[in-house]
Amino acid sequence: MSRRVGVYVCHCGSNIAGTIDCEAVARAVGERVADVAVSRDYKFMCSSLGQSMIQEDIEKEKLDRVVVAACSPHLHEKTFRRACSNAGLNPYLMQMVNVREHISWVTKDQVEATRKATAMVTGAVERVKRQEALEPQYVPVNPATLVVGGGIAGLQTAIEIAEFGHPVYVVEREPSIGGHMAQFDKTFPTLDCSACILTPRMSEAGQHDCIHLLTWSELESVSGSVGNFKVRVRKKARYVNSEICTGCGVCEEKCPIKVVDDVFEAGLGIRKAIYMPFPQAVPKMPVIDTAHCIWFVRGKCRACEIFCPTKAIAFDQKDEIVELEVGNIVLATGYDLFDCRRLPQYGYGRLDNVFTSLEFERMCNAAGPTGGRIVLRDRETEPRSVAVIHCVGSRDKRTNEYCSATCCMAALKFGHLVRERIGAEVYSFYIDIRTFSKDYDEFYQRVMDEGVHFVRGRVAEVTDVPRSPAEEGKLVVQCEDTLLGVQRRIPVDMVILMGALEPRADARDLALEAGISCSMNGWFTERHPKLDPVATMTDGVFLAGACQGPKDIPSSVAQGAAAAARILGMITRGRVEIEPVVATIDEERCSGCRICNALCPFHAIEFDEARHVSHVQASLCKGCGTCVAACPAQVIRGAHFMNEQIFAEIEGLLADAWSDVSEPVAAFAAGGVDD
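Now for a description of the structure that goes with this document. If you're wondering where the values come from, they're calculated on a predicted model, not measured in any experiment.

So, on to the sheet that holds strand β25 (residues 475–481). Read across the sheet, three strands follow the order β24-β25-β26 without closing on themselves; strand pairing throughout is antiparallel. Strands with a single pairing partner mark the edges of an open sheet, and in this sheet they are β24 (459–463) and β26 (486–492). On average, each strand axis in the sheet is tilted by 20 degrees relative to the strand beside it, whichever way the strands run. With seven bridges joining them, β25 and β26 adopt antiparallel strand pairing. Paired with Val-476 across the strands is Pro-491, a residue of β26.

Structure (structure tokens):
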């Protein structure tokens, strides 16, 4: 089998050439390896000049295979495939070797690095000679989009797509869209009213002809693949007829049952058994809390039904399953707040005047349970001193090691609001102040100028046990001030705990359903943290907002808009290209054992009950090879990863020491040696 292979070794400035002798690698491969027609090294192969070099050699030297030794294929595989394609060579006859991350960045031994690079390039040459030309596949894209989550990120995505006339389905598990932002009072660093920013977006989404709101609903299942997903949504019974309800609020006014609102009001406020979460709710329609409604608990009352002027109450309403067909899915499910009870040393749930950040947000809100008054639990006394404790549940090996990103700025905002409204002394206990975005540090300087006291050091304990007369009747914050180098006990009236942002409790279940993965911390995993933070490894599933990791409102809005742009591009093209490096099953030899079905991490293999065989959905397959390795009958074939190609690459890698292992490996490749 004679081939004409072109080998190109990139210096990547000094990233590769600083450790690897690129000229020596190119020279050795060109002289020693059969079928190498051209072997060159160049400063930057990804540059236009480097790509032109490849294209010219393909045309002039009649190359039918190309190997590029450079950086990660994640960065530039498409670049070099495009260069090959422009010269008329099938792009899948190009093989990349990652000599930057795999060699030059992990060693300082130049001799061994050069030797290893030579071996890896040799292996790639032997492999690429046996690769087959592949053709990309295309699937049509349904113009409808599903957005899971009705917070600010999800709304931004939905509105951007709907503005182009494409249908969008927004699934929100709460009775109203708005998410956490609807609970906030002010937004940092400009101190704009949160509701003034959010409410117009909510109204726009609720009134848009192309946006279909499915509130009080949850995603049940996802099947299909990019361009043609089939989803099932459980629309929970509101026990209110949405077609005739006017949102007048009479039912809520007449309901005799009062319930502590642990969700929207964070436990500080009261709602009725039939309620709307807040006055600006969209849709403006109540829902009945069956756990507290007298009719559902004891079979009595029905006051809401009696007084409803439009007769919209429907106690016989049932959950409804809605089936949708969409081309793309955006997950914008947001975050949960850390349960501060998990750190009992801070006293939350045990000491009355210890509050969470969300409780304080609701307290500051003019529409909140205290009418915007900053008071202690007795609802009357204003605190004269307030402690704000940063990083509660963040940057802590016992809970979450990551930084929650928004806490510092929210703590600064709280300090400003306390000083502005009641003039109390504020002590802000921090590990490091992280004001990373536009105008954030200026806000930090402003709060310092307003007289907030900053104490650097992690708080050890919040206690109500006094050691001096000054501590009587106070909460005492004990910490080490690392700037002064002393232990301090500071008596205050109120403590605010800046709880960490955590992944949703059911994030892993949703990820499994959508065919994506989560990080070790539980956040949804993006395709690439820098180059593709919006997409996931499952084509057609995108991320927006804090479901991917802690982020503030501007970052969430930007990511929502980015997800919308990606989807609009696919809808405009009308079709999407599918990577052809996928697995295929020889159905005539398939025994129907279904081992591959259970192991496929992307749910790409389906079982045909009628024929009792499995088959691969190419649009879902990522070519990971799990099924190929697991198939006991060896009837699954992985494109570009066949035995012949793998063993040829091994031969190239071990060419220098081949005499010791060539016979056993050759025998195994031929099936003559047991594994």
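Structure's up, so let's keep going.
Looking now at the packing of aromatic side chains. Within the structure shown, the criterion is met by ten aromatic pairs. Both rings, one in Phe-296 and one in Phe-315, keep their centres 5.8 Å apart while their planes meet at 55 degrees; by these two values the pair is tilted. Separated by 19 residues along the polypeptide, Phe-296 in helix α9 (residues 294–298) and Phe-315 in the loop between α10 (303–307) and β17 (320–326) bring together distant segments of the chain. Overall, the relative accessible area of 10% leaves Phe-315 in the buried class. Ring plane angle 70 degrees and centroid distance 5.8 Å describe the contact between Tyr-402 and Trp-523, whose orientation is recorded as edge-to-face. In this pair, Tyr-402 is assigned in the loop between β21 (385–392) and α12 (407–421) and Trp-523 in the loop between α14 (507–514) and β29 (541–543), connecting sequence segments 121 residues apart. Pair check on accessibility: Tyr-402 and Trp-523 agree, each one buried.

Formed by 42 residues in total, the largest nonpolar core has its most connected members in Val-7, Ile-54, Val-66, Val-67 and Val-125. Where this core is concerned, the elements lending two or more residues are β1 (5–10), α1 (22–32), β2 (36–42), α2 (48–60), β3 (65–70), α3 (73–86), β4 (94–98) and α5 (110–128). With seven residues, the top contributor of residues to this core is α5. For Val-66, the contacting residues outside a window of four places in its chain are Gly-6, Tyr-8, Ile-54, Ile-58, Cys-84, Leu-89, Leu-93, Met-94, Gln-95 and Val-128.

To continue, consider α2. Helix length check: α2 (13 residues) gives 18 Å between terminal C-alpha atoms against 18 Å at 1.5 Å per residue, within 8%. Among all positions of α2, only Gly-50, Gln-51, Met-53, Ile-54, Gln-55, Asp-57 and Ile-58 are buried. Looking at the buried side of α2, the elements it contacts are β1, β2, β3 and α3. Among the residues trailing α2, Lys-62 stands out with phi positive, at a value near 55 degrees.

The next subject is the pairing of β1. Each regular strand carries side chains that alternate between the two faces of the sheet. For β1, the buried fraction is high: six of the six residues fall into the buried class. Burial along β1 is two-sided: Val-5, Val-7 and Val-9 and Gly-6, Tyr-8 and Cys-10, pointing in opposite directions, are all buried. With five bridges joining them, β1 and β3 adopt parallel strand pairing. Bridge assignment links Val-7 to a residue of β3, and that residue is Val-67. Sheet topology places β1 next to β2; six bridges connect them, and they run parallel. Bridging across to β2, Tyr-8 finds its partner in Arg-40. Taken together, β1, α1 and β2 constitute a β-α-β crossover, and its handedness is right-handed.

About the criteria used
- Residues numbered from 1 in each chain as written.
- Predicted model: local features only at pLDDT ≥ 70, side-chain atom pairs only at ≥ 80, totals over all residues.
- Heavy atoms only, no water.
- Pairing = 2+ DSSP bridges.
- Helix = DSSP H or I, 4+ residues; strand = E, 2+ residues; numbered from the N terminus.
- Axes fitted to C-alpha atoms, helices over the stretch in contact; angles between N-to-C directions.
- Phe/Tyr/Trp six-rings, centres within 6.5 Å; stacked < 30°, edge-to-face > 60°.
- Buried < 20%, exposed > 50% of the residue type's maximum accessible area, 1.4 Å probe, protein only.
- Core = buried A, V, L, I, M, F, W, Y, C linked by side-chain atoms within 4.5 Å.
- Contact = heavy atoms within 4.5 Å.
- Expected span 1.5 Å × (residues − 1).
- Right-handed = clockwise from strand over helix to strand, strands pointing away.

Take it as geometry only, folks, not as evidence of what the structure does.
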